[in-house]
Amino acid sequence: MNLLVAVPAAVGGAAFFGLTSALQHRATQQVRRREALQPGLLVDLAQQRVWLLSLVANAFGVILQWVALTTGPLVLVQPLLVTGLLFGVLFSGSFDRIVLLGAGLCVFGLAAFLLVAQPTGDSQEMTLGAVLPLAIGLFALLAICLVVAARRPGNTRALALAVAAGVLYGVSAGLAKLAAEELSQGILVMLTHWPIYAVAVCGPVGFLLSQNAFQAERALAPALAVITILDPLVGIGIGILWLDESLRSGVGPVIGQVLALAALSGGVFVLSRRAPMTAAKEPECQR
């Protein structure tokens with residue numbers, strides 16, 4: 001463990017992830033709008049230099065995240081990576097004090113939850129039968145989000161798409177962990193089990209939906225907050241329900257987790273109400 005390396009690497013990775021989101025949001029505003037899950041959006045974005053630059057920034061973020069995770073404990077690194085939300089809001093330029101307050105509440109709430117909850121356990125077995133019940137529920141949630149996104153414009157559409165993207169990112173993270181454990185036993189073991197193929201589907205679909213979410217609303221903060229929050233929370237849920245992991249129990253930890261989630265929810269509420277108003281005022285201010 002080397003915290004002098006892990007902490008700066010985690011913060012640096014968060015900054016690059018925030019820059020990635022801000023650049024991708026800007027790029028999605030410069031191409032024609034597409035319906036959810038239309039791959040043509042990625043074709044359009046690939047012609048935008050800003051979007052290609054975001055991929056470079058994301059690569060640096062992934063490298064720094066890997067350095068942080070290999071030199072520091074997950075319970076420290078993950079909360080620091082959540083600050084990518086604050087960096088994303090700052091880089092986007094669409095913020096005021098209230099938006100920063102909302103983003104701060106989100107970061108504080110999620111970071112506090114991860115620090116208090118401290119998920120533990122390391123199961124390496126997961127049968128498809130055990131996965132199906134929750135998988136069906138998540139599929140139903142995704143279907144509802146897509147229906148809402150198709151019928152409701154503006155901020156509601158952006159949040160629905162962001163929920164779908166965050167869920168898929170969280171599922172991908174949980175399955176990627178299992179696939180990595182299988183890879184340690186040999187590439188043939190990994191290729192003969194289903195998790196790696198599920199990751200190959202969920203990851204790209206989640207990425208496409210995140211671009212749809214960024215395009216759906218002029219304000220980056222609400223969609224980015226939802227994705228940033230749901231990714232680790234769904235990942236924790238996957239660990240508990242599919243990988244036999246557990247959270248800290250006891251009166252104190254449970255109260256701490258509830259308060260942290262309350263702060264997180266308050267932050268999302270503030271962002272969902274204030275950030276679109278702030279973004280809408282920008283053209284007026286630039287005249």
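Residues numbered from 1 in each chain as written. Predicted model: local features only at pLDDT ≥ 70, side-chain atom pairs only at ≥ 80, totals over all residues. Heavy atoms only, no water.

As recorded in an unreviewed UniProt entry, the chain goes by the name DMT family transporter, listed as coming from Kutzneria chonburiensis.

Asks: Can you lay out the overall build of the chain for me, pointing to particular residues and giving the numbers?
Replies: Broken down by element type, the chain carries 12 helices and 0 strands. What you see for the chain is a C-alpha radius of gyration of 19 Å, in line with the 19 Å of a compact globule of 287 residues. In terms of overall dimensions, the chain has a C-alpha envelope of 60 × 40 × 35 Å along the principal axes. Per-residue burial for the chain yields a buried fraction of 45% across its 287 residues. Carbon and sulfur atoms make up 69% of the accessible area of the chain, which amounts to about 14000 Å² in all. (Helix = DSSP H or I, 4+ residues; strand = E, 2+ residues; numbered from the N terminus. Rg over C-alpha atoms; globule rule 2.2 N^0.38 Å. Buried < 20%, exposed > 50% of the residue type's maximum accessible area, 1.4 Å probe, protein only. Areas by Shrake-Rupley, 256 points an atom, 1.4 Å probe, with all protein chains shown as cover.)

Asks: How would you explain unusual backbone geometry if you had to name every residue and give the values?
Replies: With a phi angle near 70°, L37 is a residue other than glycine that sits in the positive phi range. For L37, the position within the fold is in the loop between α1 (3-28) and α2 (40-45).

Asks: Mind laying out the nonpolar core, listing which residues take part and the relevant values?
Replies: One finds L85 and V171 to be the most contacted residues of the largest nonpolar core, which totals 54 residues. When contributions to this core are tallied by element, the ones reaching two or more residues are α5 (84-92), α6 (97-117), α7 (128-151), α8 (154-183), α10 (195-216), α11 (221-242) and α12 (251-286). Aside from chain neighbours lying at most four places away, what touches L85 is A103, C106, V107, A221, L224, A225 and T228. Membership of the second largest hydrophobic core comes to 6 residues, among which are A27, V31, L45 and W51. (Core = buried A, V, L, I, M, F, W, Y, C linked by side-chain atoms within 4.5 Å. Contact = heavy atoms within 4.5 Å.)

Asks: Now, about the packing of aromatic side chains: what can you tell me, with residues and values included?
Replies: Counted under the stated rule, the structure contains 3 aromatic pairs. Summarising the aromatic geometry, the rings of F16 and F60 are spaced 5.4 Å apart at their centres and angled 25° between planes, so their arrangement reads as stacked. Placement of F16 in helix α1 and of F60 in helix α3 (residues 49-71) is noted, with a sequence separation of 44 residues between them. Ring centres 6.2 Å apart and planes at 50° place the aromatic pair W51 and F207 in the tilted group. Residue W51 is located in helix α3, and its partner F207 is located in helix α10; the two are separated by 156 residues in the primary sequence. (Phe/Tyr/Trp six-rings, centres within 6.5 Å; stacked < 30°, edge-to-face > 60°.)

Asks: Go over the pattern of salt bridges, please, and point to the residues and values.
Replies: By the definition in use, this model includes 2 salt bridges. Between R34 and D44 there is a salt bridge, and its shortest N-O distance comes to 2.9 Å. Residue R34 is located in the loop between α1 and α2, and its partner D44 is located in helix α2; the two are separated by 10 residues in the primary sequence. The residues R34 and D44 share a single accessibility class, namely buried. D96 is the salt-bridge partner of R274, the closest N and O atoms lying 2.7 Å from each other. (Salt bridge = Lys/Arg side-chain N within 4 Å of Asp/Glu carboxyl O.)

Asks: Please provide a residue-by-residue account of a nonpolar patch on the surface, values included.
Replies: Among the surface-exposed residues, L183, I187, L188, L191 and Y197 lie close enough to one another that they form a single nonpolar patch of about 510 Å² accessible area. In this fold, L188 is placed in helix α9 (residues 187-191). (Patch = residues over 30% accessible without salt bridge, like charges linked within 9 Å, V, L, I, M, F, W, Y side chains within 5 Å.)

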